[in-house]
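# Close look at the chain arrangement
Okay, here's what each chain looks like letter by letter:
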Amino acid sequence: MAVHTITSLARLLTIVTFLERDERIEVLFTRVPDELGAGVDEALAQMGAKVVPWEEATRLSADLVVAAALHRIEDLPARRRMAVGHGAAFIKQYPAATRRGFATYGLEEGSLVHEGEVVVDALVLSHTDQLARLQQQCPQAAPNAVEGGDPAYDVLLASASQREVFRRDLRVRSGQTLVVLSSTWGPHSLFGGGCAPLRRIVEDLPADHRVVLTLHPAIWAHHGERAVLSWLHDALAAGMDVEDPRSEWAGLLIAADVVLGDPGSIALYAAAIGKPVLLTSDGQHRVDPESVMSELAGIGPLWRPDLPLGPQFDAARDVQREQEAVARQRVSSVPGKSVAILQQTAYQLLELPEPTSTPKPEPCGPPGLVDVFDPRNRFLHGSPRQCTAGARGAGLRKLGGRR
């Protein structure tokens, strides 16, 4: 298992589980050098995983390398390599030396080909419509594509019945509207736009609204928990809560009533499970115009920070069914079947008979919130507004959860 970041590790865990239970297979982990890899060593240690240092891993000869990112996996000697996406639906693009001038991240030649050779024997696509983009940008990798669905989406489907349980875990009161703010990472993300707008969101909403922010793991990895919480001090004091990065965002999304976020995976997953979504306009330039996120943004609405939020949420509710139809149709072409296909693909690459039991997606664990009263976060103590925020949010202490 080639682990680049905490985000990729979360996706790899869907594959690890069914492989680890097979006595014929020994699963080893290595941390791929990555600028956003903070926290990976600690997470692997907590899992009790057998970790091979990167330098040693590059000298081994594995039967199969599995990764949820493409960076440097060609450095790992292996009979076969398999890659899955670490986010939803290959929605981001970046400048590249192509005829269009842009390439879809994860489907482009620069990531998939090294010294003239395709670096993966199986590239798992979540939907058949991604095959056309792969054929345009890296036709030599197209024969290795696998229609494998989206394991994160399947976890959300399997967890839908836990909504009321998760809302109780978060101490969301009866009749209270749970607003989830979701941010990817980078200067054009919701968080990258500064923390003052987050405070204004909380202050703009009536007291029967609860606001919880979920941040991309790269934000925590790049800046550190102390810095992130320091910058969020005023928003926390106004009544906002923050999802614990060690908990499961899927549970928070199941519990949500409405989502405001930038164009990232969580916003797409939210729409696919029927949550009204209000998208930010910032960051849309990084969205692949052929992706489902581009289609979702075309439905609207887009968030206007200068206008009251209530009517904007109402506008999102008005188009919720259209948002859901588009997202559900394109987030996965084989809903509910991803884990089974991943198992089948892995065993074909390993050239081993597949187990007789068919794995199914397991429901996620409960969501959790950062405990701002934890002694490690003592710089947040003493704010006279914090008591009011705690009474309003009723969720400032950590409520558990697992990754």
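Summary of the structure given here. Since this is a predicted model, take the numbers as computed values, not measurements. (Residues numbered from 1 in each chain as written. Predicted model: local features only at pLDDT ≥ 70, side-chain atom pairs only at ≥ 80, totals over all residues. Heavy atoms only, no water.)

## Looking at the packing of helix α13 (residues 265-272) against helix α16 (residues 320-331)
Between α13 and α16, the least distance of the axes is 7 Å, while the angle of their chain directions is 110 degrees. Taken together, α13 and α16 sit at an angle that is classed as roughly perpendicular. Classified by chirality, the crossing of α16 by α13 is left-handed. Between α13, through Leu-268, Tyr-269, Ala-271 and Ala-272, and α16, the contact on the second element is made entirely by Gln-323, Glu-324, Ala-327, Arg-328 and Val-331. Classifying every residue of the contact of α13 with α16 by side-chain character gives six nonpolar, one polar and two charged. (Axes fitted to C-alpha atoms, helices over the stretch in contact; angles between N-to-C directions. Helix = DSSP H or I, 4+ residues; strand = E, 2+ residues; numbered from the N terminus. Parallel < 35°, antiparallel > 145°, perpendicular 65-115°, else oblique. Left-handed = near helix turned anticlockwise from the far one by under 90°. Contact = heavy atoms within 4.5 Å. Nonpolar A, V, L, I, M, F, W, Y, C, P; charged D, E, K, R; others polar.)

## Things to note about the sheet that holds strand β14 (residues 258-261)
Strands sit in the order β13-β12-β11-β14-β15 across an open sheet of five strands; the sheet is parallel. The outermost strands of the open sheet, each flanked by one partner alone, are β13 (241-242) and β15 (277-279). Running over the sheet, helix α15 (residues 309-318) touches β11 (177-183), β14 and β15 and is turned about 115 degrees from β15. (Pairing = 2+ DSSP bridges.)

## Thoughts on the pairing of strand β12 (residues 209-215)
Burial analysis of β12 places seven of its seven residues in the buried class, the great majority of the element. With burial as the criterion, each face of β12 is covered, one bearing His-209, Val-211, Leu-213 and Leu-215 and the other bearing Arg-210, Val-212 and Thr-214. Sheet analysis places β11 next to β12, joined by seven bridges and oriented parallel. Bridge assignment links Leu-178 to a residue of β12, and that residue is Arg-210. (Buried < 20%, exposed > 50% of the residue type's maximum accessible area, 1.4 Å probe, protein only.)

## Observations concerning the packing of aromatic side chains
Per the counting criterion, the structure on display carries two aromatic pairs. Relative to Trp-231, the ring of Phe-191 has its centre 6.5 Å away and its plane inclined at 45 degrees; by these criteria the two rings are tilted. In this pair, Phe-191 sits in the loop between β11 and α8 (196-204) while Trp-231 sits in helix α10 (residues 225-231), placing the two residues 40 residues apart along the sequence. Ring centres of Trp-249 and Tyr-269 lie 5.5 Å apart, and the angle between their planes is 15 degrees; on these two criteria the pair is classed as stacked. Of this pair, Trp-249 sits in helix α12 (residues 249-255) while Tyr-269 sits in helix α13; the two residues are 20 residues apart in sequence, bridging distant segments of the chain. Residue classification places Tyr-269 among the buried positions, given a relative accessible area of 1%. (Phe/Tyr/Trp six-rings, centres within 6.5 Å; stacked < 30°, edge-to-face > 60°.)

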